[in-house]
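Letter by letter, the chains look like this.
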Amino acid sequence: MTSPLIKTTGLSKQYPGVLALDAVDFDLVPGEVHVLFGENGAGKSTLISMLAGANTPSSGTIEVEGEAVRFGSVADAQGKGIYTVFQEFSLIPTLTVAQNIFLGWEPTKGPFIDHRAMRRRAAEMFEELDFPIDPSAVTATLSRAQQQMVEITKAFHGDMKVLILDEPTASLTDREVDHLFDFIETLKAKGVGIVYISHRMQEFSRIADRITVLRDGALIGTVAMAETDDAALVEMMTGRAISEIYPRIERQDGGVVLDVAEVRTAGTLPCSFEVRAGEVLGVAGLVGSGKSRLFRSVMGLNPRLAGTVTLGDRDISQAHTREIIQAGVYYLSPDRKSEGLDLAKSSNANLGVNPMMARLEEKLRGFVNWRAIGDKTESIADRVELSTGYRTKLVSQLSGGNQQKVLFGKAFGQDIDVYIFDEPTVGVDMGTRAALYLLIKELAEAGKAVVMISSDLPEVLNLSHRMLVFAHGKITAELSGDEMNEDTVLKYFFDESGATA
Amino acid sequence: MSDATTSNPVFGAIRNLFVRVGVLPFFLGIALVLFTILSDKFLTMQNLMNVARQSVYLVLVSMGQMIVLISGGFDLSVGTAIAVTSVVSALGMVWAVGVFPDAVWLAIALGALMGFGAALLIGAVNGLGVAYFEVSPFIMTLGVSSVAAGLALFLTGGVPVSGMPFAFADTFGFGRWWGVPVPVVVAVICIVLMWVFMSRTRVGTQIYAVGGNIKAAHLSAIDTKKTLMTAYIVCALIASLTGLLLTARVESGEANLGGTIALESIAACVIAGVSLRGGIGRVENVVLGAFFIVLVQNGMNLAQVSSYMQMVLLGALLILAVIFDQMRYRMIMSGG
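Residues numbered from 1 in each chain as written. Chains lettered and ligands numbered in written order. Predicted model: local features only at pLDDT ≥ 70, side-chain atom pairs only at ≥ 80, totals over all residues.

If you tally the helices and strands in chain B, you get 15 helices and two strands. Relative to the globule expectation of 20 Å for 336 residues, the C-alpha radius of gyration of chain B, 21 Å, shows essentially globular dimensions. The principal-axis extent of the C-alpha atoms belonging to chain B is close to 80 × 55 × 35 Å. The burial tally for chain B puts 48% of its 336 residues in the buried class. (Helix = DSSP H or I, 4+ residues; strand = E, 2+ residues; numbered from the N terminus. Rg over C-alpha atoms; globule rule 2.2 N^0.38 Å. Buried ≥ 20, exposed ≤ 12 C-beta atoms within 10 Å, placed from the backbone.)

The helix and strand tally for chain A stands at 19 helices and 22 strands. For chain A, the spread of C-alpha atoms along the principal axes amounts to about 75 × 50 × 50 Å. For chain A, the residues scored as buried account for 45% of the 501 residues in total. Contacts spanning at least 24 positions in sequence make up 69% of the contacts within chain A whose residues lie at least 6 apart. (Contact = placed C-beta atoms within 7 Å.)

Next up on the list: the sheet that holds strand β22 (residues 474-480) of chain A. All names here are of chain A. Strand order in the open sheet formed by six strands is β18-β19-β20-β15-β21-β22, with mixed pairing between adjacent strands. Among the strands making up the open sheet, the edge pair consists of β18 (329-332) and β22. Strand-to-strand twist in this sheet, taken as the mean axis angle between neighbours without regard to direction, amounts to 15 degrees. Sheet contacts for helix α10 (residues 291-298): β15 (280-285), β19 (418-422), β20 (449-453) and β21 (466-471); angle to β20, the most-contacted strand, approximately 140 degrees. (Pairing = 2+ DSSP bridges. Axes fitted to C-alpha atoms, helices over the stretch in contact; angles between N-to-C directions.)

It is worth spelling out the sheet that holds strand β17 (residues 314-315) of chain A at this point. All names here are of chain A. Spatially, the four strands line up as an open sheet ordered β14-β13-β16-β17, and their pairing is antiparallel. The outermost strands of the open sheet, each flanked by one partner alone, are β14 (271-276) and β17. When strand β16 (residues 306-311) meets β17, the two strands line up antiparallel, connected through two bridges. Across the sheet, residue L311 finds its bridge partner in β17, namely R314.

Turning our attention to the interface of chain A and chain B. With 25 residues of chain A in contact, the opposing surface of chain B contributes 20 residues. Residue assignment for the side of chain A that touches chain B shows that the elements contributing at least two residues are α11 (321-326), α12 (336-340) and α13 (347-357) of chain A.

Our focus in this paragraph is the nonpolar core. Soluble globular proteins tend to bury their nonpolar side chains together. Residue and element names in this part refer to chain A. Counting 176 residues, the largest nonpolar core has V450, V451 and V469 as the members making the most contacts within it. No fewer than three residues from each of domain 2 (245-328 + 416-501) and domain 3 (338-414) sit in this core. Once residues lying within four places of it in the same chain are set aside, the contact partners of V450 are V280, L281, Y419, F421, I440, L443 and A444. Residues V64, A77, I194 and Y196 belong to the second largest nonpolar core, which totals 42 residues. (Core = buried A, V, L, I, M, F, W, Y, C linked by C-beta atoms within 7 Å. Domains from an automatic or database assignment.)

All right, on to the packing of helix α13 (residues 261-271) of chain B against helix α15 (residues 307-334) of chain B then. All names here are of chain B. Here α13 crosses α15 at 35 degrees, and the two axes come no closer than 9 Å. The crossing of α13 and α15 is left-handed. Judged by residue contacts, L263, E264, I266, A267, V270 and I271 of α13 engage L314, L317, L318, A321, V322 and D325 from α15. (Left-handed = near helix turned anticlockwise from the far one by under 90°.)

Another point: the packing of helix α5 (residues 78-99) of chain B against helix α7 (residues 137-156) of chain B. Residues and elements named next belong to chain B. The contact between α5 and α7 brings their axes to 9 Å, and the two run at 25 degrees. Judged by the inter-axis angle, α5 sits roughly parallel to α7. Relative to α7, α5 is oriented so that their crossing is left-handed. The residues of α7 that touch α5, namely those facing G79, T80, A83, V84, V87 and L91, are S145, A148, A149, L151, A152, L155 and T156. Taken together, the residues of the contact of α5 with α7 break down into nine nonpolar, four polar and no charged. (Parallel < 35°, antiparallel > 145°, perpendicular 65-115°, else oblique. Nonpolar A, V, L, I, M, F, W, Y, C, P; charged D, E, K, R; others polar.)

This part covers the domain arrangement of chain A. Residues and elements named next belong to chain A. Annotation of chain A at the domain level lists domain 1 (6-244), domain 2 (245-328 + 416-501) and domain 3 (338-414). In this structure, domain 1 and domain 2 have C-alpha centres spaced 33 Å apart. Taken together, the residues of the side of domain 1 that touches domain 2 break down into two nonpolar, six polar and four charged.

Here we come to the confidence of the model for chain A. Averaged over all residues, the pLDDT of chain A is 87; the fraction at 70 or higher stands at 97%. Note on residues 497-501 of chain A: pLDDT under 50 across the span, and six contacts to partners over four residues away in sequence or across chains. (pLDDT = per-residue confidence, 0-100.)

What follows covers the environment of A231 of chain A. Summarising the element assignment, A231 of chain A is placed in helix α8 (residues 230-238). C-alpha separation for the pair A231 of chain A and S243 of chain A, spaced twelve residues apart in sequence, amounts to 9.9 Å.

Residue and element names in this part refer to chain B. In this model, chain B carries a mean pLDDT of 90, and residues with pLDDT of at least 70 account for 97%. Across chain B, helix α4 (residues 56-70) holds the top mean pLDDT of 97, while helix α1 (residues 2-21) sits lowest at 70. Low pLDDT (under 50) marks residues 1-6, which in the prediction has zero contacts with non-local residues, meaning those over four places away or in another chain. Predicted as a complex, the structure gets a pTM of 0.80 and an ipTM equal to 0.83.

A separate point is the pairing of β22 of chain A. It is a general feature of regular strands that their side chains alternate between the two faces of the sheet. Residue and element names in this part refer to chain A. Taken across its seven residues, β22 has five buried, putting it largely inside the fold. Note: β21 against β22, six bridges, orientation antiparallel. Looking at the pairing, F470 lines up with I475 of β22. The turn linking β21 back onto β22 is made up of two residues, and H472 within it adopts a positive phi angle of 50 degrees.

Attention shifts here to unusual backbone geometry. With a phi angle near 50 degrees, H472 of chain A is a residue other than glycine that sits in the positive phi range. Along the chain, the position of H472 of chain A falls in the loop between β21 and β22. If you check the backbone angles, W178 of chain B has positive phi at about 50 degrees while not being a glycine. Looking at the secondary structure, you find W178 of chain B in the loop between β1 (176-177) and β2 (180-181).

To continue, consider the environment of G409 of chain A. Residue and element names in this part refer to chain A. Along the polypeptide, G409 turns up in helix α16 (residues 400-411). The buried category is assigned to G409, around which 24 C-beta atoms lie within 10 Å. Sequence-wise, G409 and V384 are 25 residues apart; in three dimensions their C-alpha atoms are separated by 6.2 Å. Discounting residues that sit within four places of it in the chain, G409 has contacts with L351, I380, A381, V384 and L386.

Residue and element names in this part refer to chain A. Two elements, strand β13 (residues 256-264) and β14, share five bridges in a ladder whose sense is antiparallel. Considered in β14, the bridge of V260 is made with F273. Between the antiparallel neighbours β13 and β14 lie six residues, among them G267 with a positive phi of about 90 degrees. Pairing of β13 with β16 involves five bridges; the strand directions are antiparallel. Note on β16: the bridge partner recorded for D259 is T310.

Now for the environment of V450 of chain A. Its location among the elements puts V450 of chain A in strand β20. You can call V450 of chain A buried: it has 28 C-beta atoms within 10 Å.

Here it is in structure tokens:
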């Protein structure tokens with residue numbers, strides 16, 4: 001084994017009240033892709049932030065090529081040849097691409113910035129990396145994938161020994177992913193070591209050499225890709241077997257409740273499908289495939305350009321969002337912080353809004369019956385298994401998992417026939433996920449219609465009875481039964497021709 | 001470090017009080033002590049009653065301002081709503097007395113209705129701009145404020161409108177019901193109504209929800225636009241009521257009434273713990289906040305602080321309150 005580029009021994013990070021990283025030993029050798037794998041909050045980001053110089057360890061050591069180092073800043077780490085592309089973009093949207101790449105080290109001519117040289121050198125860098133981006137474009141006009149490329153280009157200067165990539169493919173299309181992987185192969189061949197954080201297990205077999213699994217800040221193990229498989233990795237990540245996580249949901253066919261015919265919104269083609277009672281309809285597709293946008297337009301949250309939506313026998317094609325909710329369709333937002341919850345209020349107050357709007361037991365019209373609503377929120381909180389201590393706490397103080405429980409609870413505050421869950425488990429730990437899946441099972445088995453839009457493919461495959469696959473703004477497949485397997489779905493994810501359902 | 005450990009529970013209690021109710025109890029305590037030292041006339045029953053009567057106008061406007069702040073905006077046009085009400089209602093009464101010289105109370109009612117109508121228009125325009133055209137509340141209410149102030153001056157040519165029925169000023173300016181000054185009675189009724197409105201009705205609850213997170217409110221089937229409209233209209237109407245009471249007090253319709261009240265009402269609300277980010281605030285605290293502002297002004301008068309210096313101090317107080325509000329918000333969000 002070649003001597004490691006990076007080696008950490010007993011690396012720990014203590015925050016007030018939280019041990020974010022607990023004595024982790026980690027090493028990276030030249031020319032390998034070392035994947036960091038774990039749930040949100042497992043400590044992956046904390047680990048790389050210390051390798052990148054953005055954070056300092058509480059205890060433990062970092063060695064670079066056998067020499068102990070202490071990074072005071074990202075620039076220190078870059079001085080040692082360690083470059084990081086963080087998940088949060090560091091680009092300034094109003095500047096041009098070239099200005100962003102050279103931010104802080106602009107080429108100058110005397111006291112003035114040499115814009116021409118800047119653009120020329122940026123163009124050279126893009127050519128070297130084979131990224132088709134115009135250096136003089138304003139960054140905000142680029143797609144997220146292109147911005148990701150700019151971010152990589154920005155990291156890629158000087159003498160690179162280590163490249164750290166934090167979920168680089170989260171927003172890329174498949175072609176861009178291929179492109180990125182080719183680029184990673186080139187770097188590997190040059191002997192650069194790559195630390196790669198990703199949740200997408202299907203990528204690991206393509207690029208990973210070794211995988212290190214973290215859980216709750218602790219190192220669970222480091223395994224060679226050749227000697228492991230998905231089930232073993234999930235078990236390492238969650239501490240439990242896959243079969244314990246996803247419940248079996250019985251299907252009760254109660255007929256069509258929501259009929260979507262030729263509906264089109266900005267960025268999608270006309271789409272048609274049916275939602276049936278007593279069934280979980282999975283909706284899969286890459287980010288940007290239009291799956292969320294289409295359902296948002298059904299809810300009246302995105303512009304509805306064409307088509308009809310029928311709920312039972314009522315036409316809701318042009319109804320207001322609130323009318324659609326009152327008619328019995330609930331939409332669970334994928335972004336609990338910005339459009340799901342009122343963060344500065346208690347869990348109870350958040351849960352109370354929906355029964356309040358449903359006029360729960362109003363004795364005098366327009367006046368809230370707080371006692372009835374208190375009982376209702378209590379029973380909802382019991383149902384979503386929100387601990388008693390969290391009910392009067394402000395939502396902002398809860399963990400992501402408990403916030404998601406509150407958000408789910410809001411769905412139970414009024415009479416609903418069709419539940420549309422958009423990324424219902426985003427950023428949620430496995431324990432909470434299992435609880436939320438049981439709620440979905442309860443709903444479907446009680447004869448409600450459940451739509452589950454998710455970028456988490458195992459979730460969709462394991463829970464749905466029927467599924468729609470979106471790609472490039474249209475439905476590329478409607479699958480059920482044995483057709484619902486990863487290979488088939490992935491084929492339709494990347495379907496360019498649009499052989500259709 | 002034994003000192004630090006013994007004082008910890010005290011600090012903890014202060015911190016808890018601050019997080020729960022905000023900066024007002026501290027300010028109020030400091031003001032009471034300070035002005036009692038500076039003037040021996042300050043802490044007398046007569047003076048405090050005086051403050052209570054003077055604070056009626058600010059209490060009313062602050063409650064309106066509070067609704068708009070809770071909805072996530074703010075209203076800089078409350079002062080002009082007062083001025084417009086004053087001018088329009090005075091002109092209306094003068095006209096109506098001419099038409100129905102024998103029905104004085106009819107004339108007063110007509111004039112008051114006209115004043116309310118004008119304020120309703122101001123509130124509706126504010127609400128329309130903020131809710132439907134998504135103009136920032138700052139620009140919308142500032143613009144409306146200029147428009148309305150201009151119209152009020154245009155209507156009167158800058159000259160106070162006189163000649164209103166005497167009964168109007170006698171009752172609403174200087175009258176007493178059950179031995180209590182009429183403005184105080186009106187304010188008490190408004191406080192009770194406002195408390196019921198904000199804590200017991202659907203519309204009030206919706207205002208809290210919209211201010212807390214407008215997108216989440218939208219996804220909870222709340223008509224966010226209508227809710228915002230309601231907030232601005234209610235605010236303008238309360239300001240209008242204040243305008244009527246002030247008009248009765250000065251016995252003429254004046255276009256320069258309510259000049260500083262926008263700033264004062266925002267200060268009263270922020271000091272009383274109403275969040276500038278929306279969603280948080282309580283009626284009873286705002287009443288106390290407005291009382292506090294008037295109390296400070298009264299104390300400064302007794303301590304012979306010049307009126308120019310009072311402006312300086314009031315502005316500084318507002319900024320200080322906002323700084324404390326920021327600190328409190330951070331504590332709340334981080335679980336303090």
